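Notes for the structure review
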Amino acid sequence: ALEVLEPPINHPDIQTDARRRMHERLSRPDIMVALGRLEDAWDILPAWDDIPPGDYKFWLLAAGHLAQADPDRTSWGLGSCFQKGLEHFSNVGAHRSVIDIGALAAELAVKRGSYSTPRRTLRLMKRHLPKLRKALGAEELVADLEKTVAPLTRPPLPVPAAELIEPVSYTHLPLPTK
């Protein structure tokens, strides 16, 4: 499979077709995961900042599949990429992508012990659910996610909240003058 994805560099179609090259770059991590080469897959996954918006979904799917195979590498940073992608999909009206990528993002957030991220993602998915032309199982996906998210509890603070910050008094500040 890797040989198929290693086209000759000087081939004229490859040089002019940036989208196809990006798609091929984003296919490689999935192949590496299938081969059990997780470190290599992480190494060849392009940086989020190098991905054009048209390829966000492919990147998020590749990163999501990789994180499912290697859950110890699921991080806040990866979750941040998912949130940026979901915001983009929401803003451009890509309702199905919000549902599909949202489900993956929420699953990964639950696995890394996040409390608020899966809830926020679920709310976004629910807003886009009625906008789908055809549900195609989206209601069940959202309902299953609700069942997963509902029992999550907010993690305790490491110290009592009153000890986290000192009370601030604004009485010592000068009043604004006209």
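Definitions and limits used
- Residues numbered from 1 in each chain as written.
- Predicted model: local features only at pLDDT ≥ 70, side-chain atom pairs only at ≥ 80, totals over all residues.
- Heavy atoms only, no water.
- Helix = DSSP H or I, 4+ residues; strand = E, 2+ residues; numbered from the N terminus.
- Contact = heavy atoms within 4.5 Å.
- Areas by Shrake-Rupley, 256 points an atom, 1.4 Å probe, with all protein chains shown as cover.
- Phe/Tyr/Trp six-rings, centres within 6.5 Å; stacked < 30°, edge-to-face > 60°.
- Expected span 1.5 Å × (residues − 1).
- Buried < 20%, exposed > 50% of the residue type's maximum accessible area, 1.4 Å probe, protein only.
- Axes fitted to C-alpha atoms, helices over the stretch in contact; angles between N-to-C directions.
- Parallel < 35°, antiparallel > 145°, perpendicular 65-115°, else oblique.
- Left-handed = near helix turned anticlockwise from the far one by under 90°.
- Nonpolar A, V, L, I, M, F, W, Y, C, P; charged D, E, K, R; others polar.

Scanning the protein chain for helices and strands turns up nine helices and zero strands. Beginning at the N terminus, the succession of helices and strands in the protein chain can be written as α-α-α-α-α-α-α-α-α. Sequence separation of 24 or more characterises 59% of the internal contacts of the protein chain that already satisfy a separation of 6 or more. Surface exposure of the protein chain reaches about 11,500 Å², of which carbon and sulfur atoms provide 56%.

On to the packing of aromatic side chains. Tallied over the entire structure, the rule returns two aromatic pairs. Consider the rings of tryptophan 48 and tryptophan 59, whose centres lie 5.1 Å apart with planes at 70°: the pair is edge-to-face. Taken together, the residues span a long stretch of sequence, with tryptophan 48 in the loop between helix 3 (38-44) and helix 4 (56-69) and tryptophan 59 in helix 4 at a distance of eleven residues. Put simply, the rings of Trp48, Tyr56 and Trp59 touch in pairs and so form one group of aromatic residues.

With that settled, consider helix 4. Here helix 4 contains 14 residues, and its C-alpha end-to-end distance of 20 Å stays within 8% of the 20 Å for a straight helix at 1.5 Å per residue. Listed as buried for helix 4 are Tyr56, Trp59, Leu60, Ala62, Ala63, Gly64, Leu66 and Ala67. Contacts made by the buried residues of helix 4 are with helix 2 (18-34), helix 3, helix 5 (76-92) and helix 6 (95-111).

Two elements in contact, helix 5 and helix 7 (residues 116-128), have axes whose closest approach is 12 Å; the angle formed by their N-to-C orientations is 15°. Overall, the two elements helix 5 and helix 7 adopt an arrangement that is roughly parallel. Where helix 5 crosses over helix 7, the handedness of that crossing is left-handed. Packed against helix 5, whose contacting residues are Gln83, Leu86 and Ser90, the element helix 7 presents Thr117, Arg120, Thr121, Leu124 and His128 at the interface. Looking at the contact of helix 5 with helix 7 residue by residue, the class counts come to two nonpolar, five polar and one charged.

Take lysine 57: it is sitting in helix 4. Judged by relative accessible area, lysine 57 falls into the partly exposed class, the value being 26%. Each C-alpha atom of the pair lysine 57 and serine 97 lies 7.3 Å from the other, and the pair is 40 residues apart in sequence. Residue contacts for lysine 57: discarding those within four places in its chain leaves Phe89, Ser97, Asp100 and Ile101.

Another aspect to go through is the packing of helix 2 against helix 4. With their axes 9 Å apart at the nearest point, helix 2 and helix 4 run at an angle of 10° to one another. With respect to each other, helix 2 and helix 4 are oriented roughly parallel. Counted together, Arg19, His23, Leu26, Asp30 and Val33 of helix 2 and Phe58, Trp59, Ala62, His65, Leu66 and Ala69 of helix 4 form the full contact between these two elements. For the contact of helix 2 with helix 4, the residue count by class is seven nonpolar, two polar and two charged.

Geometry only, nothing functional implied.
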